[in-house]
Amino acid sequence: MVQLSSVNIRPGVNVLSVLPHLNYKAWFALAEFVDNAIQSSIDQKKALKKVNGGSFKLVIDIDFRPQENSITIRDNAAGIAERDYARAFRPAEIPPDASGLSEFGMGMKSAACWFAPNWSVTSSALGENTERAVFFDIDKIVEDSVEELHVVSTQVATDKHYTEIRLDNIRRFPHGNTVKKIKSHLASIYRVFIREGSMELRIDGEPLEYEDPEILVAPSYRDPDGPDVEWKKDIHIDLGDGKAATGFVAIRKTISNQFAGLALFRRKRLIMGSFDETYRPKDIFGASNTYAYLRVFGEIHLRGFHVSHTKDGIKWEESEDTFLKELRKVLSEDDLPLLAQVREHRTRKDAKAKRKDATTALKTMAERLKGQDLSQSTPGAGRSPDLFQPVEPEPSPETPLPEIPQSKQENVKVRTRFRDEQWVVSIELSYDDDASNWLEISNRPSIVDPEPRQVNIRIAMLHPFMAQFPTLDSEGFLAVMNIAAAMALAEVAAGERADRNPAAVRRYTNEILKNQLSKPIAND
């Protein structure tokens, strides 16, 4: 066999200087190397099984070496055969069979150049007794218009098969959270191969795993006392001209602002919607504060579509609108009305999961009230130097609210002066499943009571009204609590002073919101 001593990289070596400026993300760049390894293992599946005793599992190792400012990607696929060297290292040399994951002839070159100005490929092809190494110095290649690269050859056993790519002098070395995101995105992109056990993908020695979301199992909203249903629907959509979409769409058991949404695949490899960058078209998911946006997820495998050269986007041409229209129709079918279910279904766990945000809002409200001199803007009211101060629990009022366990409530108590009277206001957030009213109050009945007025306000956080706002954060909860507190205090004041004037509730509510609950938090 004639020894390969060099490899021609014509034409267009100048294109190598452009590749560092591609709009890649680190995980999609690394995915190019993974794609090549997968395709090699698919193309040589029978030969790999034969040399490995009848079974073969692709193993890919990606190692970050910050001390050396380098990244290595090594696989045990079939390697690069001598006959493929000319094509493998020339830019934009499309492979003879472009129906797999290696289709543009640019993946390895573009990803390697994006990461680093210096990189090398060392490979031993199955059935050949030679290990070959090619070294790239992009600046030198472009500056000197180098058209051939020297190949360093070493003799090895014919049953050795591997490829190792080493990237040196990394331009954008991943650290910390970026490495975590790379792991999560690659696990998401290659979830099908990981699930079926045909590939093990490791980063710094750690095998990546993909955790499937739990699917909602619950009665239909049309029959709340009926049997449990798994809310998952198979998708089979024929889009014509050889294009189709198959897979499933389901409802998550729990809401997720990050991870709901669709993942779009082609040839078993994810193209759009990896990890926390899921595909959520408004036609299906609506606005970001809807339950569909937070709960619907799925995996759709597309056939007959082209993708961007960086494999992070679908070339829909004019098919996206048709796809979404048909998908919405399927998800609205009466046999399993998934979109209607996600709109109407409510779970108490969702509200309980937001309890921390609600508690933060409750404490913010107490701080906002603390120390405000409200009488300055209330005609005829007196002055008080400390209108809002924390107080010790008072004896129960004469008309107490039903007691609920401490574990099912959060509460604060503050002292205030409203319309020249001392008030002690207790605000309680109830997580009791049996609460039937969104807002309940109790108060000391006598306006001439010498003790400070005691008003207890209870907001039912598991009420259906609250379930309409799944995306409330602490600021959103604060707004709701301000309205509830104003309504409660206005009702008490109006009941004793309004003389049957129904507009008094509105007037007092406006006054309380303006003078008590719209002030900035006082700084100590």
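This report concerns the structure included in the present document.

1. Re the sheet that holds strand 16 (residues 296–303)
At step 1: An order of 12-13-16-14-15 is seen for the five strands of this open sheet, with the pairing classed as mixed. Two strands close off the open sheet at either side, each with one partner strand: strand 12 (232–240) and strand 15 (269–272). Direction aside, neighbouring strands of the sheet carry axes that sit 25° apart on average.
At step 2: Across eight bridges, strand 12 lies against strand 13 (residues 243–251) in antiparallel orientation. Note on strand 13: the bridge partner recorded for I235 is G247.

2. Overview of the pairing of strand 15
At step 1: In the sheet, strand 14 (residues 261–266) pairs with strand 15 via three bridges, with the strands oriented antiparallel. Residue pairing in the sheet places L264 in a bridge with M272 of strand 15.
At step 2: Two successive antiparallel strands, strand 14 and strand 15, enclose a turn made up of two residues, where R267 displays a positive phi of approximately 55°.

3. Quick notes on the pattern of salt bridges
At step 1: Taken as a whole, this structure holds 25 salt bridges when the rule is applied.
At step 2: Put simply, K253 and E214 hold a salt bridge, and the shortest N to O gap is 3.6 Å. Of this pair, K253 sits in the loop between strand 13 and strand 14 while E214 sits in the loop between strand 9 (206–207) and strand 10 (217–218), placing them 39 residues apart in sequence.
At step 3: You can call K253 partly exposed: its relative accessible area is 34%.
At step 4: Between R458 and E428 there is a salt bridge whose closest N-O contact spans 2.6 Å. With R458 in strand 22 (residues 453–460) and E428 in strand 20 (residues 421–430), this pair connects stretches of sequence that are 30 residues apart. Taken individually, R458 and E428 each receive the classification buried, so the pair is uniform in this respect.
At step 5: Three or more residues are tied together by salt bridges with common partners; here these are E32, D35, R269 and K311.

4. Re the nonpolar core
At step 1: I62, F115, L167, L186, Y190 and M199 are the most contacted members of the largest nonpolar core, which totals 61 residues.
At step 2: Take this core: its biggest share by element is 10 residues, from helix 1 (residues 26–43).
At step 3: Apart from the residues lying within four places of it in its own chain, the contact partners of Y190 are A31, V34, D35, I38, M199, L201 and R269.
At step 4: If you look at the next biggest cluster of nonpolar residues, it comprises 36 residues, including A245, L264, Y279 and L302.

5. Some words on the packing of aromatic side chains
At step 1: Following the criterion strictly, the structure yields 10 aromatic pairs and no others.
At step 2: Centroid distance Y24 to W114: 5.8 Å. Interplanar angle 70°. Geometry classified as edge-to-face. Taken as a pair, Y24 in the loop between strand 1 (6–8) and helix 1 and W114 in helix 4 (residues 107–115) lie far apart in primary sequence, 90 residues in all. Comparing Y24 with W114, the two get one shared label, buried.

6. Comments concerning unusual backbone geometry
At step 1: Of note, F275 is a non-glycine position whose phi angle comes to about 50°, a positive value.
At step 2: Looking at the secondary structure, you find F275 in the loop between strand 15 and helix 8 (282–285).
At step 3: On the accessibility criterion, F275 (23% relative accessible area) is partly exposed.

7. Observations concerning the pairing of strand 3 (residues 70–75)
At step 1: Where burial is concerned, most of strand 3 is hidden: five out of the six residues are buried.
At step 2: Pairing analysis gives six bridges linking strand 2 (residues 58–65) to strand 3, with the strands arranged antiparallel. Of the residues in strand 3, the one forming a bridge with D63 is T72.
At step 3: Hairpin geometry of strand 2 and strand 3 is characterised by an intervening segment of four residues between the two adjacent antiparallel strands and by a positive phi of about 55° at N69.

8. Some words on the environment of T322
At step 1: Position of T322 relative to the elements: it lies in helix 10 (residues 320–331).
At step 2: C-alpha separation for the pair T322 and L239, spaced 83 residues apart in sequence, amounts to 7.4 Å.

9. Regarding helix 4
At step 1: Most of helix 4 is tucked away: nine of the nine residues are buried.
At step 2: Of all the positions in helix 4, only G107, M108, K109, S110, A111, A112, C113, W114 and F115 are classed as buried.
At step 3: Turning to helix 4, the residues buried within the fold contact helix 1, strand 3, helix 3 (85–89), strand 4 (118–124), helix 5 (138–144) and strand 7 (162–168).

What counts and what doesn't
Residues numbered from 1 in each chain as written. Predicted model: local features only at pLDDT ≥ 70, side-chain atom pairs only at ≥ 80, totals over all residues. Heavy atoms only, no water. Pairing = 2+ DSSP bridges. Helix = DSSP H or I, 4+ residues; strand = E, 2+ residues; numbered from the N terminus. Axes fitted to C-alpha atoms, helices over the stretch in contact; angles between N-to-C directions. Salt bridge = Lys/Arg side-chain N within 4 Å of Asp/Glu carboxyl O. Buried < 20%, exposed > 50% of the residue type's maximum accessible area, 1.4 Å probe, protein only. Core = buried A, V, L, I, M, F, W, Y, C linked by side-chain atoms within 4.5 Å. Contact = heavy atoms within 4.5 Å. Phe/Tyr/Trp six-rings, centres within 6.5 Å; stacked < 30°, edge-to-face > 60°.

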